[in-house]
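Okay, here's what each chain looks like letter by letter:
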Amino acid sequence: MAAHDASRVPAWVEPMLAKADGGRLRSGPEWAYEYKLDGYRAAMQIAPDGTTVLTSRNNIDFTAEFADLAGVLAPALDGRAAYLDGEVVVYGEDGRIDFERMQERRGRYVRYQSGPKGLEFKDVPVRFLAFDLLRLGDRSLLATPYDERRRLLDALPMPDPYRVSVVRAVTFDQLAADRRTPGDFLAHAASAGYEGVVAKLRSSAYLPGQRPDSWLKHPLVRTQEVIVCGWRPGQRSFTGTLGGLLLGAHDPVTGDLVYIGDVGTGFSQAARADLQAQLQAIERRTHPFVTTPPREDIVRARWVEPRLVGEIVYRQFTRAGRVRHTAWRGLRHDKEPAEVLAPRAGPPEPVAPPPPPPAEPAGGRITVQAGNRRLTLSNLDKVLYPAGGFTKGEVINYYSRVAAVLLPHLAGRPVTFIRYPNGVDGQKWFEKNVPKGAPDWLRTVRLAASGGTIDYPLLDDLPGLVWAANMAALELHVPQWTVESGTRQPPDRLVFDLDPGPGTTIVDCCRVAERLHEVLAADGLTPYAKTSGSKGMQLYCGIRTDDPAAPSTYAKGLAQRLARETPESVTAVMAKAQRTGRVFIDWSQNNPAKTTVAPYSLRGRDRPTVSTPVTWDEVRACRHVTHLTFTADEVLDRIDDHGDLLAGVAGTRVPLP
């Protein structure tokens, strides 16, 4: 901001974010609805003298890139400062917001910065669509209810609505007065080409940097049958297996086989292995398309005969003929390649996103397709988390959507369930043995235990995960070792469980985690952090060892060392009398007989909190419990933003010091 008179421009505010609504568009007089836009989130900060700064959601100065938007609102403000939250968008020739054209414009601007000057962008005009007002004059509106902020925003004159205008918002009551519903508004959003709808609580304040329950986004997605035409080998944590698929379909006009994009998420570990085996058997030397796909899309590609038909979910089909925001749903053995036609560019159909699983009548049963299995689910409307009204259907939906990143952390590891059939306020129990009535296709492993044997479930695919969620197995716990061909393997992970004693919180755990990070890194290990989803957190390191007892020995020694160095804040002793005001470094979870809550597992707490991988920057910045508390919807958003932050554990295994 050095180029601006920043002293008079309102200070940047970290934007409030919308949380995914889990596939359920909220309804009721307390809600208002806005269109979800497909552009660049931006703040418009206007000084009393009209100086305007545009800033990205990450506090990057956008002013030069979108110079046409600067100063547009100044004449309407009569010398008042203002701060508008909104989105910069580009429209296509069909009058709909076109993110692809925005990306093209962005590429030209980047080239312009490093190349010859004089390039203009008048052929791709931009527009700022405001949806919130955070300051007007000397008055901060952050604590003001949404309804009042919108009233003030709507009252601002728009001198040039082709460059700056306000996103349409409508309340539930306004819809009802027109004999319409939120579902009708969603259908209109789809037909108009919007990305979806955001429901906003009318009484809510603006919470900078937070993703609360008061802003809930409902994206529109579609399903599409595709022909598998190639694949890419995986990298990093997926080395040695399938990384993604290259997709084709027949042009509905010419009948030619055309390239329509790729998909790299939504696969279980088992699905990756199964698909790779099938594809290797039908490999060919050249691509099967009528025209060669773009070079950057086919790096490392391996081509196959176009025989297998699958299904994906996606949000958009671009003018260039590409599917965007894709996820794999599974093979379609009931379809022939000749039947698969490419979609048409344009907005999604006016339908809500397909679950799994869909809603059901109260107390009813429903049959769903999960991967290659059909499962009967029941009591999906039963509330398992009373504090937030989170139902069993939403639990199953969460585990279905998080499967792509969760399953690699469960693969080959016997799973212990903690089941809550009557919700988190009811009785719970641990379950190691596969329960009676489990499907015959569920993979299991029989292992010796004190007093006999245990038949553990192995959850390595989506059907198994959905089956477990349908039993209200909210928590999934696994050991630090795997099984192979029915035999227990040596530990491949080292874990430190940081448990805050009375008078301490996860904030104190973070300070201990920072110290552990330094020591582990000095020993040549690569530590990864995650919250427990309850009060504490865990650190993981990938290791190699032939001695099952070695991880406990190493971890105990390190815990005792930190306890000696700072006895006032750390203890390595489990006794409760030693834990007040201290963080207990539980080294014992490396014992082969013990388990730790799995990454991305829900927890049986008041709200559907999740054991969530976090970055070390987040650990270092944590100063309040809420900074590292994440619910199911927030975790799904984090995966969209970060992917799997624990994906590197398997690829960083080194001999245990």
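Source: prediction; values computed, not measured.

Next up on the list: the overall build of the protein chain. Helix and strand counts for the protein chain come out as 11 helices and 38 strands. If you line up the protein chain on its principal axes, its C-alpha atoms span 80 × 65 × 60 Å. In the protein chain, buried positions account for 53% of the 657 residues. Here the contacts in the protein chain between residues at least 6 apart in sequence split such that 68% fall between residues at least 24 apart. The positive charge centre, built from 82 side chains, and the negative charge centre, built from 77, are 3 Å apart in the protein chain.

Read across the open sheet, the four strands follow the order β25-β24-β28-β36; overall the sheet is antiparallel. Lying at the two open borders of the sheet, with one neighbouring strand each, are β25 (429-431) and β36 (596-597). One ladder, built from two bridges, connects strand β28 (residues 473-478) with β36; its direction is antiparallel. Along β36, the bridge assignment pairs histidine 477 with valine 597.

What follows deals with helix α7 (residues 462-470). Across the nine residues that make up α7, a large majority, eight, are buried. Those residues of α7 that fall on the buried side of the exposure criterion are Pro463, Gly464, Leu465, Val466, Trp467, Ala468, Ala469 and Asn470. Those residues of α7 hidden inside the fold are in contact with β20 (365-370), β21 (373-378), α6 (392-410), β24 (416-419) and β28. Where α7 begins, the capping side chain belongs to aspartate 461, and its oxygen is found 3.0 Å from the backbone nitrogen of glycine 464.

On to the confidence of the model for the protein chain, then. Predicted coordinates in areas of low pLDDT are best not read in detail. On average, residues of the protein chain carry a pLDDT of 87, and 92% of them reach 70 or more. Contacts for the low-pLDDT stretch residues 1-6, under 50 throughout, to residues beyond four places or in other chains number 11 contacts. Counted against residues more than four places away or in other chains, residues 346-363, with its pLDDT under 50, gives 53 contacts.

For the rest of this paragraph, the subject is the environment of threonine 55. Within the element layout of this structure, threonine 55 appears in strand β4 (residues 52-56). For the pair threonine 55 and tyrosine 162, spaced 107 residues apart in the sequence, the C-alpha separation amounts to 20 Å. At 2.3 Å, the side chain of threonine 55 and the side chain of glutamine 45 are in polar contact.

Let us now look at the side chain of arginine 272. Within the fold, arginine 272 resides in helix α5 (residues 269-280). For the buried arginine 272, which has no salt bridge, the nearest side chain bearing the opposite charge is aspartate 644, at an N-O separation of 9.4 Å. Only 3.2 Å separates the side chain of arginine 272 from the backbone oxygen of glycine 243, close enough to count as a polar contact. At a separation of 3.5 Å, a polar atom in the side chain of arginine 272 contacts the main-chain carbonyl oxygen of glycine 264.

In this section: the pairing of β20. In the case of a regular strand, side chains alternate between the two sheet surfaces. Only one face of β20 is covered, namely the one carrying Ile366, Val368 and Ala370; the face carrying Arg365, Thr367 and Gln369 has none of its residues buried. Strand direction decides the pairing type here: β20 and β21, joined by six bridges, are antiparallel. Bridging across to β21, glutamine 369 finds its partner in arginine 374. Turn length for the β20-β21 hairpin, with the two strands adjacent in sequence and antiparallel, is two residues, and the turn residue glycine 371 shows positive phi of about 60 degrees.

Right, let's get into the state of the cysteines. Going through the model one piece at a time under the given rule, you end up with zero disulfides. Just so you know, cysteine 510 is unpaired, no disulfide at all, and the nearest cysteine sulfur is the one on cysteine 622, 3.9 Å from it. Accessibility expressed as a relative area gives 1% for cysteine 622, which makes it buried.

Among the seven residues that make up strand β14 (residues 257-263), five are buried, leaving the element largely enclosed by the rest of the structure. The pairing of strand β13 (residues 242-250) with β14 spans six bridges and is antiparallel. Each bridged residue has a counterpart across the sheet, and for leucine 247 the counterpart in β14 is glycine 261.

Looking now at the packing of α6 against α7. For the pair α6 and α7, interaxial distance at closest approach is 9 Å and the crossing angle is 140 degrees. Between α6 and α7, the angle falls in the class oblique. Note that α6 runs across α7; the crossing there is right-handed. Contact residues: Lys392, Val395, Ile396, Tyr399, Ser400, Ala403, Leu406, Leu407 and Leu410 in α6; Leu462, Leu465, Val466, Ala469 and Asn470 in α7.

Looking at where proline 457 falls in the secondary structure, it is placed in strand β27 (residues 452-457). Judged by relative accessible area, proline 457 falls into the buried class, the value being 0%. Among residues more than four places away in sequence, those in contact with proline 457 are Arg413, Pro414, Val415, Phe417, Lys432, Val434, Leu442, Arg443 and Thr444.

A word on the sheet that holds strand β11 (residues 215-219). Sheet strands associate in pairs through backbone hydrogen bonding, adopting either a parallel or an antiparallel arrangement. Read across the sheet, five strands follow the order β1-β11-β10-β2-β9 without closing on themselves; strand pairing throughout is mixed. The sheet is open, and its two borders are formed by β1 (19-20) and β9 (169-171), each paired with just one other strand. Examined bridge by bridge, strand β2 (residues 31-36) and β9 share three bridges and lie antiparallel to one another. Counted as the bridge partner of alanine 32 is threonine 171 from β9.

This paragraph deals with unusual backbone geometry. The backbone of asparagine 59 shows a phi angle near 65 degrees, a positive value even though the residue is not glycine. Secondary-structure assignment places asparagine 59 in the loop between β4 and β5 (82-90). Take asparagine 59: its relative accessible area is 40%, and that puts it in the partly exposed class. Non-glycine residue asparagine 379 carries a positive phi angle of around 50 degrees. Structurally, the position occupied by asparagine 379 is in the loop between β21 and β22 (383-385).

Attention now goes to α5. The first and last C-alpha atoms of α5 sit 17 Å apart over 12 residues, in line with the 16 Å expected at 1.5 Å per residue. Among the residues of α5, Arg272, Leu275, Gln276 and Leu279 are the ones counted as buried. Burial along α5 is one-sided: seen end-on, the buried residues are contained in an arc of 105 degrees.

By the definition in use, this model includes 30 salt bridges. Glutamate 305 serves as the salt-bridge partner of arginine 284, at 3.4 Å between the closest nitrogen and oxygen. Of this pair, arginine 284 sits in strand β15 (residues 283-284) while glutamate 305 sits in strand β16 (residues 302-314), and the two are 21 residues apart along the sequence. Taking relative accessible area as the criterion, arginine 284 reaches 27% and is therefore assigned partly exposed. One salt bridge in this structure joins glutamate 475 and arginine 603, with 3.3 Å as the shortest N-O distance. With glutamate 475 in strand β28 and arginine 603 in the loop between β36 and β37 (613-614), this pair connects stretches of sequence that are 128 residues apart. Residue arginine 603 is classed as buried on the basis of its relative accessible area, which comes to 10%. Several salt bridges converge on common partners, so that one network encompasses Glu34, Arg150, Asp154 and Lys200.

Rules used in this analysis
Residues numbered from 1 in each chain as written. Predicted model: local features only at pLDDT ≥ 70, side-chain atom pairs only at ≥ 80, totals over all residues. Heavy atoms only, no water. Helix = DSSP H or I, 4+ residues; strand = E, 2+ residues; numbered from the N terminus. Buried < 20%, exposed > 50% of the residue type's maximum accessible area, 1.4 Å probe, protein only. Contact = heavy atoms within 4.5 Å. Lys, Arg positive; Asp, Glu negative; His and termini not counted. Charge placed at Lys NZ, Arg CZ, Asp CG, Glu CD. Pairing = 2+ DSSP bridges. Polar contact = N/O pair within 3.5 Å; in protein donor to acceptor, adjacent residues only side chain to side chain. pLDDT = per-residue confidence, 0-100. Salt bridge = Lys/Arg side-chain N within 4 Å of Asp/Glu carboxyl O. Disulfide = S-S within 2.5 Å. Axes fitted to C-alpha atoms, helices over the stretch in contact; angles between N-to-C directions. Parallel < 35°, antiparallel > 145°, perpendicular 65-115°, else oblique. Left-handed = near helix turned anticlockwise from the far one by under 90°. Expected span 1.5 Å × (residues − 1). Arc of directions from axis to C-beta.

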